[in-house]
Amino acid sequence: MTPTCVHRLPDPASSTCTYLLVDEASATAVLIDPVEEQVERDLGVLEAMRLRLLWILETHVHADHITGASSLRRRTGARIATPARCGVSGATRELVHGDRIHFGSSHVEALHTPGHTAGSMCFSFRSPDGGLHLFTGDTLLIGGCGRTDLQGGDAGAMYDSITRVLFAFPDDTLVWPGHDYGEKIHTTIGTERTSNPRVSGRTRDAFQQLMAGLRLPLPKRLEEAVPANLCLGDRGR
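Since this is a predicted model, take the numbers as computed values, not measurements. (Residues numbered from 1 in each chain as written. Predicted model: local features only at pLDDT ≥ 70, side-chain atom pairs only at ≥ 80, totals over all residues. Heavy atoms only, no water.)

Q: Could you give an account of the overall build of the protein chain, with specific residues and numbers?
A: A tally of helices and strands in the protein chain yields six helices and 14 strands. By the compact-globule yardstick of 18 Å for 237 residues, the protein chain fits well, its C-alpha radius of gyration being 17 Å. Taking the principal axes of its C-alpha atoms as reference, the protein chain extends roughly 50 × 40 × 30 Å. A burial count over the protein chain gives 53% of its 237 residues as buried. Considering only residue pairs separated by 6 or more positions, the protein chain has 62% of its internal contacts joining residues 24 or more positions apart. Charged side chains in the protein chain number 24 positive and 28 negative. The centres of these two groups are separated by 2 Å. (Helix = DSSP H or I, 4+ residues; strand = E, 2+ residues; numbered from the N terminus. Rg over C-alpha atoms; globule rule 2.2 N^0.38 Å. Buried < 20%, exposed > 50% of the residue type's maximum accessible area, 1.4 Å probe, protein only. Contact = heavy atoms within 4.5 Å. Lys, Arg positive; Asp, Glu negative; His and termini not counted. Charge placed at Lys NZ, Arg CZ, Asp CG, Glu CD.)

As structure tokens, then:
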């Protein structure tokens, strides 16, 4: 069952999942991976729930959509945190592995998980009911993983990030991926460890060979999105 402190806000055009994490006692919130076209929706959710947005977090420099981070910062006064190795300009804080972002009595912990991009991060969060949650961006998906052929991607690093960092979490840890390509909205570490077709049962070498042979088409908005996201979507407006 989804806890009341985690809210999933999908963008149908890019299949991107934005996540709103709420500290109910302080009525403060963190937003992960906002999408430019959904800024008004996100502001409406914050207003309806009477929340103060404290932080906006990015898991990596996205190639398939433009972030709404700068627009939301202008409208809410929230601060922005990005992975240190992503080369993003304009963030309030650059995160390294183990850093924590606090909001009320809650916090999110940054996990450096390179592979999809050199600076990719996931975020862990423990909800008030004691449940562990991982927001995995484009690193670990439901029955899959992100591509590794763009933006400093590295299949070996991806394998290590998934198997050594993410799979070190307990089996019942809920995984909230950065993209939704099917009916399921989340998975668990135990499920992905035992049945993810790209990773489960594969050696590091076999995984690298698999990823090298995918031959995926380029994201449609790659040339527009990456430069825009390197400045948090603030393109001189």
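Now that the structure is up, let's keep going.
Q: Tell me about the pattern of salt bridges, and please be specific about residues and values.
A: Should the charged atoms of two oppositely charged side chains come close, the side chains can pair. Under the definition given, this model contains 12 salt bridges. Here R193 makes a salt bridge to D171, at a shortest N to O gap of 2.1 Å. Residue R193 is located in helix α4 (residues 189-195), and its partner D171 is located in the loop between α3 (155-165) and β13 (174-176); the two are separated by 22 residues in the primary sequence. (Salt bridge = Lys/Arg side-chain N within 4 Å of Asp/Glu carboxyl O.)

Q: I'd like a rundown of the pairing of strand β1 (residues 6-11), residues and numbers included.
A: The two faces of a sheet get side chains in turn, since along a regular strand they alternate between them. The sheet contact formed by β1 and strand β2 (residues 16-23) spans six bridges and is antiparallel. In the strand pairing of β2, R8 is matched with Y19. The antiparallel hairpin formed by β1 and β2 contains four residues in its connecting segment, where S15 sits at a positive phi of about 60°. (Pairing = 2+ DSSP bridges.)

Q: Account for unusual backbone geometry, with residues named and values stated.
A: In this structure, A27 is a non-glycine residue whose phi angle is positive, near 55°. By secondary structure assignment, the location of A27 is in the loop between β2 and β3 (28-32). Positive phi, close to 50°, is recorded for R215, a residue that is not glycine. Along the polypeptide, R215 turns up in the loop between α5 (204-212) and α6 (222-229). Taking the relative accessible area as the measure of exposure, R215 reaches 73% and is therefore exposed.

Q: Please set out the sheet that holds β13 residue by residue, giving values where relevant.
A: Sheet strands pair via backbone hydrogen bonds, and the direction of the pair is either parallel or antiparallel. Pairing is mixed across the open sheet formed by six strands, whose spatial order is β7-β8-β9-β10-β13-β14. With one partner strand each, in any of the chains shown, β7 (100-103) and β14 (187-188) form the two edges of the open sheet. Pairing analysis gives five bridges linking strand β8 (residues 106-112) to strand β9 (residues 121-126), with the strands arranged antiparallel. In the sheet register, V108 faces β9, and the bridge partner there is F125.

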